[in-house]
Amino acid sequence: MTDQASPEVEELSTSTCWALLRDTEVGRIALHGTGEDIEIFPINFIVDHGSIVFKTATGTKLALADQHGRAAFEADDFDFSSGTAWSVVLRGTPQVIRHHHDVVAAFDLQVRTWHVGHKPTYIRVTPDVVTGRRFHVDPTNKDVHR
């Protein structure tokens, strides 16, 4: 089932989606887990040539991304001055960056991570679907405007 967009919701162009993603650094990646489960992880990321790149350590996120399944990525933000929020969703295939020249190039991307642990592995998600929406936030929702 798909949501019907209300007149107050602006469907964003692909170029606007990428521009918004370039100005944020935290999103969520959803990867297929075991069986029908979906695992969701917060990630720091950077936009690079029509893809997002993030770093990770050995563990569940890397193992799931390395299975070459599908991934969904989402990032959003809120502009206090205009009272608008946006959300961008990408869908594509994650790929662990393994080729020597690609790894060297990834070092130049400056992906900053919040977590202090060592994250030596870069993963790229090149989407085949990019969607985004911008909308006005309910002004009576005081929690949003803090």
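Here, every reference points to the structure presented above.
Thresholds applied
Residues numbered from 1 in each chain as written. Predicted model: local features only at pLDDT ≥ 70, side-chain atom pairs only at ≥ 80, totals over all residues. Heavy atoms only, no water. Phe/Tyr/Trp six-rings, centres within 6.5 Å; stacked < 30°, edge-to-face > 60°. Buried < 20%, exposed > 50% of the residue type's maximum accessible area, 1.4 Å probe, protein only. Core = buried A, V, L, I, M, F, W, Y, C linked by side-chain atoms within 4.5 Å. Helix = DSSP H or I, 4+ residues; strand = E, 2+ residues; numbered from the N terminus. Pairing = 2+ DSSP bridges. Salt bridge = Lys/Arg side-chain N within 4 Å of Asp/Glu carboxyl O.

Caption draft 1: Focus on the packing of aromatic side chains. Under the criterion given, the structure shown has two aromatic pairs. With a centroid separation of 4.7 Å and an interplanar angle of 90°, the aromatic rings of Phe 78 and Phe 80 are classed as edge-to-face. Assessed through its relative accessible area of 17%, Phe 78 is described here as buried.

Caption draft 2: View of the nonpolar core. Within the largest apolar cluster, 26 residues are counted, with the highest numbers of intra-cluster contacts made by Leu 21, Ile 29, Phe 45, Ile 52, Phe 73 and Leu 90. Elements with a minimum of two residues in this core: helix H1 (14-22), strand S2 (26-32), strand S3 (38-44), strand S5 (52-56), helix H2 (60-65), strand S6 (71-79), strand S7 (84-96) and strand S8 (121-136).

Caption draft 3: Fine view of unusual backbone geometry. Non-glycine residue His 49 carries a positive phi angle of around 50°. You can see His 49 is positioned in the loop between strand S4 (46-47) and S5. Judged by relative accessible area, His 49 falls into the exposed class, the value being 78%.

Caption draft 4: Spatial organisation of the pairing of S8. Sheet analysis places strand S1 (residues 9-11) next to S8, joined by three bridges and oriented antiparallel. What sits directly across from Glu 11, in S8, is Arg 133. One ladder, built from five bridges, connects S5 with S8; its direction is antiparallel. Opposite Ile 52, over in S8, you have Val 125 as the bridge partner.

Caption draft 5: Geometry of the pairing of S7. Note: S6 against S7, nine bridges, orientation antiparallel. Looking at S7, one finds that Asp 76 is bridged to Ser 87. Here S6 folds back onto S7 in antiparallel fashion, the turn holding four residues, of which Gly 83 has a positive phi close to 70°. Sheet topology places S7 next to S8; 13 bridges connect them, and they run antiparallel. Note on S8: the bridge partner recorded for Val 89 is Thr 131.

Caption draft 6: How the structure looks around the environment of Asn 44. Mapped onto the elements of the fold, Asn 44 is located in strand S3. A residue is classified by how much of its surface remains accessible, and Asn 44, at 10% relative accessible area, is buried. In the structure, Asn 44 is positioned 19 residues away from Glu 25 in sequence and 5.3 Å away in space, judged by C-alpha atoms.

Caption draft 7: Representation of the pattern of salt bridges within the structure. In total, this model carries six salt bridges according to the counting rule given. Between Arg 28 and Glu 74 there is a salt bridge, with the nearest N and O atoms lying 2.4 Å from each other. Pair noted here: Arg 28 is in strand S2 and Glu 74 is in strand S6, with a separation of 46 residues, a long-range link. On the basis of relative accessibility, which here comes to 30%, the residue Arg 28 falls in the partly exposed class. Between Asp 128 and Arg 70 there is a salt bridge, and its shortest N-O distance comes to 2.7 Å. Highlighted residues: Asp 128 in strand S8 and Arg 70 in the loop between H2 and S6, separated in sequence by 58 residues.

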